[in-house]
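Per-entry structural report
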Amino acid sequence: MILLKNGMVYLSNDKKIIKADVLIEKKVIKKIAPSIDEKNAEVIDCAGMHIFPGFVDMHCHLREPGYTYKEDIASGAASAAKGGFTSICCMPNTKPAIDNLSTLDYIMRKARDVGKTKIFVIGAMSKGIEGKEIANIATLVKGGVVGLSDDGNCIQVAKLQLNVMRYASIYDIPMICHSEDYSLSGDGQVNYGYMSTKLGLPGIPTLAEESMVSRDIMLADVTGSRVHIAHASTKRTVELIRQAKKDGIKVTAEVTPHHLVLNENACDGFDTNTKMKPPLRSEEDRKSLLEGLLDGTIDVIATDHAPHSDYEKELEFMKAPFGVIGFESAFPVLYTTFVKTDLIKLEELIDRMTSKPANIINKEVGELKEGAAADLNVFNLDESFTFDESEILSKSKNSPFIGMNMWGKIYYTMCDGKFTWKV
Amino acid sequence: MKHTLNLAGRNLFDLDVYTVEEIETIFETAKVMKEINSRDYKKIPTLRGKTVATLFFEDSTRTRISFELAAKRLSADVVSFTTAGSAMKKGESIQDTVYTLNAMGMDLYVVRHSCPGVPQLVHKYSQKPVLNAGDGRHAHPTQALLDMFSIWEKRGSLKGLRIAIIGDILHSRVVRSNLIGMKKMGANVVVCGPRTLMPPKIEEVYGVQCEYDLKTAIKDADVVMGLRMQLERQTEGLFPSLGEYTSRYGLSNKMLEYAKDDVLVMHPGPMNRGVEILPEVADSEHSIIIEQVANGVAVRMALLFLILGGKPGREVA
C-alpha cells in the first residue's frame, strides 16, 4: 500500500481540488479522505504538492515499428511518464502502418511489456494509410483500436472518407481527422500570411484545414459517425466546430499546447523546431483556439508528440520534417502560460487533459476517485525549472520550448499503482 | 567619408538589422570601390591573406561572378563551391560541408541557396560572417543594396522618391530585401502584379502600397523596376499566358509616359525581353540596368571590405 499524505487532490467526480490523503492498494485507489492513517503503507509526504489523475493524451506518435531512431515504445512511454501521462494513444503512421492485426498486436504486446504507461492504439482508416482502399476496420476494432485515423495522410478523396465513416459508424469510435487539403497546402512550410511573406517560405493557408473540417463535419452528419478534429489551428475551424455542435452533429476536437501558446512569429529565425503541421497560425487564430477551449468548443488538449531525430531537424527549413515533441512540456507550458495568468482554471485544464479525452476514446482512465485505477501524478506547482534539452527522456529533442522557464515540476507519476516516474 | 561605422564581423542575412547610417556607409565605400574598378589596374591589396568561400548551392551567373570578382579585386583568395561536382552529390549535408570548409580556414562565406534560412544555418555551423547571396524567396540583400546604390548615385538620396516595382512579387527575393531597404531609406514604394503573384499581407509586412493596375502603380514614379517573370510559374496556374501578362504588366514606352519624365528604369536581371520589359524600354535613356551590374561589383567589394575588418575612409585607397 502507498499513502500519499497532505496533497492537494483533484477529485474527478467533483472536478475540484481539496486537501486530502490518497491510499493506493495494489493497482487501485482504495480511499481518498481528509486524513488517512494506514500503518502498513509506504507514506509519501505530498505537502505543498498537487495530485492529479494521470494525463490522457489521445494523439501521439511512438514511431515503432519502422522509425525507432526517432522514438520507440519504451522511450516514448518513459517520456510520457515524465510528463505525467498514464494513458496515451499512438497514431498509425508507423512502418508498416497499423492497418493489420499483427502490427496492432505487436504494439499492444510491447506496450504491456514496457508497462510505463497505458498505450491505446489508433488504427488506420485506409490500407497502408495510402488513401486508396478502406482498411480492415472491423478487424482492427475487434483487435482493440480506440479510434481510426490516417493522420497526416489525410484521405483526400471524399468518397473514400464517406465510405470509411459509413462503414465504421456502427462502432462507437471516433474518426480522428487531420484536416488538410493537399492541393491547397502544397509545399507550404509555415502559415500562409505574415510569416510566409516575411520569410519567403511557401505558405499553408487556413483554408487547407477549414475546407477539410467542413467536409468531415458534413460527412459525420450524413453518416452519423463520430468525428474528432485533430489539432485544430484556425479561427474558422473553431467556428465550424462550434456550429456543428449546435447542430447536434457528433463532433469533438483537440488543440495542442504549441498551437495554444505560440503563434507564427515563433518561426522568425528559421528554427525548424517551430515547423509543424498544421503550422503555427496568426495571433488571432491562437486567441480563437483559447476561446474555443474555454467555451467547450474544443474538448481536449492533445500533445501530437511527434519526435524527429536531430539530423533530420537540423536541415534546411524546407527539408526538415514537420512536428515537435510534447509529452514532457505539455502540462508545465500550459500551467505557466494559462493557469498562472488566470486565463484557465487549474481544474478546467486537468479536466481537458484527463476525463475529456478518456471519454472520447471510451476508456475508463484518467480519473482520480475511489475504485479507479491508481493512475496519477504529483506536481509541485510552486517550483520552476528551465526546460532543458539534456533532461528530455524522448529520443528526440525537437521542442520549441527548450530554454523556456516553466512552473510546475513533476515529482511522481504512477500507473496502475506503480511508480513510472520519480524525481 | 561621412560615416565611420564599423561593420567588421557582421553578417548580412537581410537588411532589416542594418541602420540607415550603416547602409549609407556601404554606399560611400562602394563609391570609392567604383573608382578602383575604373582604373587600368583594378586591384588593391586590402584583403590579402583573407579567404572568401562562395557557396552557391543554386545556379547563378551574375551574382557569383560579381562576388568573386569583388573578392579578387581586394586580393582575397576565393574558394568557389557549387553543388554540381561536390560531395553534396554524395549526400553530404550543409552542416558537414561547412565543417569541412571551416577546417580549411575560411574567413567569410557567401551563400546562395534555394531554401530560405540557409545563410543563417551556415553561420550557425561556421561562426564566420556570412553574406546572403540569395536564399529562396526570402532575401537578396546585396542585390537590394546595389539597386539602392544605383538610385542613390543618380538622385543623391532615396528619401521621398516614388519607386514602383512590377511583376512576380510572390517569388522574388529581390523585392523583399528592396522593400525593407527602400522603406528604411525613406522611399515610397508601390508593388504591382497579378493578384496570384502577390504575397499575403504585403502592405502590413513592409508598409508598402499594393496595386494591381500598372498605370496606377507607375503614375508619377521616380523609379520603375521590372522583375523577371519566372517562366516556370506558368505551369502552376498562377497566370494564364505570357501574352496576357505582357499586355497587362509589360513595361513599354507607352506605359512609361505615366511615370515622371526623368524616371529611372531598373531590372535585377536576367531579363525576359518582350515579356516583363520591352526592348524599347530596356535600352532606353532611362534604363540603368547595365550600371546596376557594374555597381554590383562595387557594392560587394564595399561589403567584403567593411565586414572583413576594413575601416571606412583613408584605408580604402
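Residues numbered from 1 in each chain as written. Chains lettered and ligands numbered in written order. Predicted model: local features only at pLDDT ≥ 70, side-chain atom pairs only at ≥ 80, totals over all residues. Heavy atoms only, no water.

**Some points on the overall build of chain A**
To keep it simple, the criterion reads: A run of DSSP states H or I qualifies as a helix once it reaches four residues; a run of E qualifies as a strand once it reaches two. Both are numbered from the N-terminal end. Here the radius of gyration uses the C-alpha set of atoms, whereas the globule reference equals 2.2 Å times the residue count to the power 0.38. Exposure is judged per residue with a 1.4 Å probe applied to protein chains only, and the accessible area is read against the type maximum: over 50% gives exposed, under 20% gives buried, and values in between give partly exposed.
Across its full length, chain A holds 14 helices and 18 strands. Against the globule reference of 22 Å for 423 residues, chain A gives a C-alpha radius of gyration of 21 Å, in line with a compact fold. With the C-alpha coordinates aligned to their principal axes, the bounding extent of chain A is approximately 65 × 45 × 45 Å. Of all 423 residues assigned to chain A, the portion counted as buried reaches 62%.

**Observations concerning the side chain of N11(B)**
All names here are of chain B. Applicable threshold: Think of a polar contact as two N or O atoms within 3.5 Å of one another; within protein, one of them needs to be a possible hydrogen donor and the other a possible acceptor, and neighboring residues in sequence only count if both atoms come from side chains. We call two residues contacting when some pair of their heavy atoms lies within 4.5 Å.
Note on placement: N11 falls in the segment before α1 (20-37). At 2.8 Å, the side chain of N11 forms a polar contact with the backbone nitrogen of V130. Contact partners of N11, with chain neighbours within four places excluded, come to Y18, H123, K128, P129 and V130.

**A few points about the sheet that holds strand β3 (residues 108-113) of chain B**
Residue and element names in this part refer to chain B. As a reminder, the rule being used: For two strands to be treated as a pair, DSSP must find at least two bridges joining them. Angles shown run from 0 to 180 degrees and are taken between the N-to-C directions of axes, each axis being a line fitted to C-alpha atoms and, for helices, limited to the stretch in contact.
One open sheet accounts for 4 strands, arranged β2-β1-β3-β4; its pairing is parallel. The sheet terminates laterally at β2 (77-82) and β4 (130-135), the two strands that pair on one side only. Strand-to-strand twist of the sheet, defined as the mean angle between neighbouring strand axes without regard to direction, takes the value 10 degrees. Against the sheet, helix α3 (residues 94-103) makes contact with β1 (51-56), β2 and β3, and its axis sits at roughly 155 degrees relative to β3, the strand it touches most.

**Quick notes on the pairing of β4(B)**
Residues and elements named next belong to chain B. Heads up, the rule is: Looking down the strands as they point away from the viewer, one classifies a crossover as right-handed if the path from the first strand across the helix to the second runs clockwise.
Counting buried positions over the 6 residues of β4 gives 6, a clear majority of the element. Relative to β4, β3 runs parallel, the two sharing 4 bridges. Bridge pairing in β4 links Y109 to V130. For the crossover from β3 across helix α4 (residues 118-126) to β4, the handedness is right-handed.

**Let's talk about the nonpolar core**
Formally: We call a set of buried Ala, Val, Leu, Ile, Met, Phe, Trp, Tyr and Cys residues a nonpolar core when their side-chain atoms join them within 4.5 Å.
With 105 residues, the main nonpolar core has F52(A), L260(A), F331(A), L55(B) and Y109(B) as its most contacted residues. A per-element tally of this core places helix α12 (residues 330-339) of chain A first, with 7 residues. Leaving out residues up to four positions away in the same chain, Y109(B) has contacts with A53(B), L55(B), V98(B), L101(B), N102(B), V122(B), S126(B), K128(B), P129(B), V130(B) and L131(B). Judged by nonpolar contacts, the second largest core, of 66 residues, contains A70(B), A71(B), M266(B) and A302(B).

**A word on the interface of chain B and chain A**
Selection rule: We define buried area as the total accessible area lost by two parts upon association, computed with a 1.4 Å probe and summed across both. Whenever a carboxyl oxygen of Asp or Glu lies within 4 Å of a side-chain nitrogen of Lys or Arg, that contact is scored as a salt bridge.
Listed per partner, the contact involves 21 residues of chain B and 16 residues of chain A. Together, the buried faces of chain B and chain A total about 1600 Å²; carbon and sulfur atoms form 64% of this surface. Of all residues in chain B, P116(B), P200(B) and V205(B) bury the most surface against chain A, accounting for 30% of the area lost on that side. Connecting chain B to chain A are 0 salt bridges. Here chain B and chain A share 5 residue pairs in polar contact (both at pLDDT 80 or more) between them.

**Notes on the packing of aromatic side chains**
Residues and elements named next belong to chain A. Formally: The rule is short: rings of Phe, Tyr and Trp, with Trp giving its six-membered ring, pair when the centres are within 6.5 Å, and they are stacked under 30 degrees, edge-to-face over 60, tilted in between.
Scanning all chains against the criterion turns up 19 aromatic pairs over all chains. Where Y69 meets Y311, the ring centres are 6.1 Å apart and the plane angle is 20 degrees; that geometry is what we call stacked. Of this pair, Y69 sits in the loop between β6 (55-60) and α1 (73-82) while Y311 sits in helix α11 (residues 310-313); the two residues are 242 residues apart in sequence, bridging distant segments of the chain. Overall, the relative accessible area of 38% leaves Y69 in the partly exposed class. The class of Y311 is exposed, set by a relative accessible area of 54%.

**Observations regarding a negative patch on the surface**
Here is the rule: Patches in this entry comprise residues that are over 30% relatively accessible and not in a salt bridge; like charges within 9 Å are linked, as are nonpolar side chains (Val, Leu, Ile, Met, Phe, Trp, Tyr) within 5 Å. Shrake-Rupley sampling with a 1.4 Å probe provides the accessible areas, and residues are treated as covered by the protein chains on show and by no other component. Only four residue types enter the charge count, namely Lys and Arg as positive and Asp and Glu as negative; His and the chain termini do not. Think of each charge as sitting on NZ of Lys, CZ of Arg, CG of Asp or CD of Glu.
Side chains of D310(A), E314(A), D388(A), E389(A) and E391(A) sit close together on the surface and give a patch of like negative charge. Take E391(A): it is sitting in the loop between β16 (376-386) and β17 (405-415).

**Looking at the pattern of salt bridges**
All names here are of chain A. With the rule as written, the count across this model stands at 35 salt bridges over all chains. Linking D416 and K118 is a salt bridge whose minimum nitrogen-to-oxygen distance equals 3.1 Å. Of this pair, D416 sits in the loop between β17 and β18 (418-422) while K118 sits in strand β8 (residues 118-123), and the two are 298 residues apart along the sequence. In this structure, the salt-bridge partner of R215 is D216, at a minimum N-O distance of 3.0 Å. Owing to a relative accessible area of 13%, R215 belongs among the buried residues under this scheme. In the salt-bridge network here, residues are joined through shared partners; they are K5, D21 and D37.

**A short note on the pairing of β6(A)**
Residues and elements named next belong to chain A. A large share of β6 lies buried, amounting to 6 of its 6 residues. In terms of strand pairing, β6 meets strand β7 (residues 85-90) through 4 bridges, oriented parallel. Bridge assignment links D57 to a residue of β7, and that residue is I88. Considered for its hand, the β-α-β crossover made up of β6, α1 and β7 is right-handed.

**Some words on the sheet that holds strand β6 (residues 188-192) of chain B**
The strands making up a sheet associate through backbone hydrogen bonding, with each pair oriented either parallel or antiparallel. Residues and elements named next belong to chain B. Taken in spatial order, the 5 strands of this open sheet run β7-β6-β5-β8-β9, and their pairing is parallel. Edge positions in the sheet fall to β7 (209-211) and β9 (264-266), since each has one partner strand and no second. Across the sheet, the axes of successive neighbouring strands diverge by a mean angle of 20 degrees, strand direction being ignored. Across 4 bridges, the pairing between strand β5 (residues 162-166) and strand β8 (residues 223-226) is parallel. By the bridge assignment, I166 is partnered in β8 with G226. With respect to the sheet, helix α5 (residues 141-155) is in contact with β5, β8 and β9, its orientation differing from that of β9 by roughly 165 degrees.

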